[in-house]
Amino acid sequence: MASAAAPAVPTLAPPLEQLQHLAGELRSLLPGVRVGEAQETTKEFNPETFWRRLNEAAVKVSREATTLTEVFSRLPLPPPSSQETQRLCEQVHAAIKALIAIYYLLPKDQGITLRKLVRSATLDIVDGMAQLVEVLCITPAQSPENSDLISCNNVWVACQQVPQIPRDNKAAALLMLTKSVDLVKDAHEEMERAVGECDPYHGLLNDIEENNSDSHGNEQDDVLGCPNNQDSYWSEEDQELIIPCLALVRASKACLKKIRMAVAENGNKDQVAQLDDIVDISDEISPSVDDLALSIYPPMCYLTVRINAAKLVSVLKKALEITKASHVTPQPEHSWISLLINAIDHCMDRIKELTQNELELLALSLTTSSAGSPVAQEETGNTSLLGKDF
């Protein structure tokens, strides 16, 4: 009697194909982490257990990354077999999935700011591992270029950052506020440097002009010593407008510093919602500062400067109002908020004063160019409102 045929053993893909598949699987996990919610659980959250498990998971991922790299970069040994590659890929995938599962255990009531930091760290690790696997797919794996990419890969750096994540929402809020302060500080320093040198493009345009027109020197400079080119340099009127814009950016930096100080001195880590609100509105200050900073570069549009300044003022006042209404500013200690609001209003009033003529000219131009046009009438009405409200 003939014996039953043995079941067919599935054929494994070659090692490089398995790595490519693993990289794709890791990439497919990223969207879920970006939008995923915390898992619902009836168990009481234990912070100590959570952070211990998260650190252990990061260490595990780092080890698997090292093992995978060593196996696929060894020389002059042959590449691993399909069976060994399958085992390595499964271990990497399992380590990443375990890390993500632990992230999902962090509940929202621990603070949205804290969850964002843990989510960012998790995404960095998953993305770093995907990058590493993609690099290992490059042939030959032992090439100098590939070795450099592997040595600089982000997965190990991301894993090492996990123990540095703040452990509560107050610490997370302070970290984010410090980053905002640094961003605004950098923007302010860049603006001051450009204004101080009277060279918004740091000499780049001078070099181009010298190369393109050696026979045409700068025959006429304005009284400030800058070439008379309104597309590349500031006029006297521009520089006068820049002064209150710089002052407004300084006020932005002062607001963030005072808010950070209030959170540091009076913040309660259990008041997670108020801390999250403070961080959310404070995060809007730096992009608003950047918009204003970009709008002062020549050729300046005074209407754009005015609108961006008004947007920044709105964000600053909202941040101060939210901070004032929160637990971080006890009643006798919020006089600094009124002082900052007064400073902000003074800057905005000066910007309005210096841009009012430009707005009136724009309104007149719109009126005379198309007096009977409904569109022109609507634009003129909008300009009037801008002149009044902004």
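Just so you know, these numbers come straight off a predicted model, no measurement behind them.

Q: Tell me about the overall build of the protein, residues and numbers included.
A: A tally of regular secondary structure across the protein gives 14 helices and 0 strands. A total of 390 residues make up the protein; the buried ones form 42% of that total. Intrachain contacts of the protein at a sequence separation of at least 6 include 80% that bridge at least 24 residues.

Q: Can you lay out the packing of aromatic side chains for me, pointing to particular residues and giving the numbers?
A: Counting across every chain of the model gives 4 aromatic pairs. With a centroid separation of 5.6 Å and 50° between ring planes, the pair formed by F45 and F50 is classed as tilted. When the centroid spacing of 5.3 Å and the interplanar angle of 40° are considered together, the rings of Y103 and Y104 count as tilted. Three or more aromatic residues joined by ring pairs form one cluster here, namely F45, F50 and W51.

Q: Residue-level account of the confidence of the model for the protein, with values.
A: On average, residues of the protein carry a pLDDT of 84, and 77% of them reach 70 or more. Least confident of the elements in the protein is helix 8 (residues 204–212), whose mean pLDDT is 48; most confident is helix 10 (residues 272–282), at 98. A low-confidence stretch, residues 203–209 stays under pLDDT 50, and its non-local contacts, those more than four residues away or across chains, total 7 contacts. Confidence drops under a pLDDT of 50 for residues 215–228, and excluding neighbours within four residues, the segment shows 14 contacts in the predicted structure.

Q: Could you give me a rundown of the environment of L340, with the residues and numbers involved?
A: Tracing the backbone shows L340 in helix 13 (residues 335–369). On the basis of relative accessible area, L340 is assigned to the buried category, the value being 11%. Distance from L340 to K258, taken between C-alpha atoms, is 9.6 Å for residues 82 residues apart in sequence. Apart from the residues lying within four places of it in its own chain, the contact partners of L340 are A251, A254, C255, K258 and L320.

Q: A description of helix 6 (residues 154–161) should follow, citing residues and the corresponding values.
A: Residues V155, W156, A158 and C159 constitute the buried set of helix 6. Buried residues of helix 6 fall within an arc of 165° about the axis and therefore sit on the same side.

Q: Quick rundown of the packing of helix 3 (residues 82–103) against helix 4 (residues 112–136)? Include the residues and the values.
A: It is the contact of helix 3 with helix 4, at a shortest axis distance of 10 Å, that shows an interaxial angle of 170°. By the angle class used here, helix 3 and helix 4 are roughly antiparallel. Facing helix 3, whose interface residues are V92, I96, L99, I100 and Y103, helix 4 presents R115, V118, R119, T122, I125, V126 and M129. In the contact of helix 3 with helix 4, the residues fall into 9 nonpolar, 1 polar and 2 charged.

Q: Can you explain the environment of C137? Please cite residues and give values.
A: With respect to the helices and strands, C137 occurs in the loop between helix 4 and helix 5 (144–151). For the pair formed by C137 and Q20, sequence separation is 117 residues and the distance between their alpha carbons is 6.5 Å. Leaving out residues up to four positions away in the same chain, C137 has contacts with L16, L19 and Q20.

Q: Describe in detail the pattern of salt bridges, supporting the description with residues and values.
A: Per the stated rule, a full pass over the model turns up 11 salt bridges. The salt bridge partner of R27 is E134, with a shortest N-O separation of 3.1 Å. Of this pair, R27 sits in helix 1 (residues 15–35) while E134 is found in helix 4, placing the two residues 107 residues apart along the sequence. Judged by its relative accessible area of 28%, R27 falls in the partly exposed class. R52 is the partner of E56 in a salt bridge, and the nearest nitrogen-oxygen pair spans 3.5 Å. Residue E56 and its partner R52 are both found in helix 2 (residues 47–73); the two are separated by 4 residues, about one turn of the helix. Looking at R52, the relative accessible area reads 44%, which means it is partly exposed. Several salt bridges share partner residues, and in doing so they unite R27, D127 and E134 into one network.

Q: Outline the state of the cysteines, listing residues and values.
A: Tallying each qualifying case throughout the model produces 0 disulfides. Considering cysteine sulfurs only, C89 is the nearest to C137, which forms no disulfide, with 8.5 Å between them. Its relative accessible area of 13% is what places C137 among the buried residues.

Q: Could you give an account of the side chain of T355, with specific residues and numbers?
A: Examined against the element boundaries, T355 turns out to sit in helix 13. Side chain to side chain, T355 and R306 meet in a polar contact 3.1 Å long. Setting aside anything within four residues of it in sequence, one finds T355 in contact with L241, Y302 and R306.

Q: Summarise the side chain of S286; cite the residues concerned and give the values.
A: Along the chain, S286 falls in helix 11 (residues 285–295). When its relative accessible area of 6% is taken as the criterion, S286 is described as buried. Setting aside chain neighbours within four positions, we find S286 in contact with L183 and V184.

Q: Residues and numbers for unusual backbone geometry, please.
A: Excluding glycine, residues mostly have negative phi values, and the peptide bonds linking residues are mostly trans. Look at the link from P298 to P299: it is a cis peptide, with omega at -5°. Relative to the assigned elements, P299 resides in the loop between helix 11 and helix 12 (302–325).

The rules behind the values
- Residues numbered from 1 in each chain as written.
- Predicted model: local features only at pLDDT ≥ 70, side-chain atom pairs only at ≥ 80, totals over all residues.
- Heavy atoms only, no water.
- Helix = DSSP H or I, 4+ residues; strand = E, 2+ residues; numbered from the N terminus.
- Buried < 20%, exposed > 50% of the residue type's maximum accessible area, 1.4 Å probe, protein only.
- Contact = heavy atoms within 4.5 Å.
- Phe/Tyr/Trp six-rings, centres within 6.5 Å; stacked < 30°, edge-to-face > 60°.
- pLDDT = per-residue confidence, 0-100.
- Arc of directions from axis to C-beta.
- Axes fitted to C-alpha atoms, helices over the stretch in contact; angles between N-to-C directions.
- Parallel < 35°, antiparallel > 145°, perpendicular 65-115°, else oblique.
- Nonpolar A, V, L, I, M, F, W, Y, C, P; charged D, E, K, R; others polar.
- Salt bridge = Lys/Arg side-chain N within 4 Å of Asp/Glu carboxyl O.
- Disulfide = S-S within 2.5 Å.
- Polar contact = N/O pair within 3.5 Å; in protein donor to acceptor, adjacent residues only side chain to side chain.

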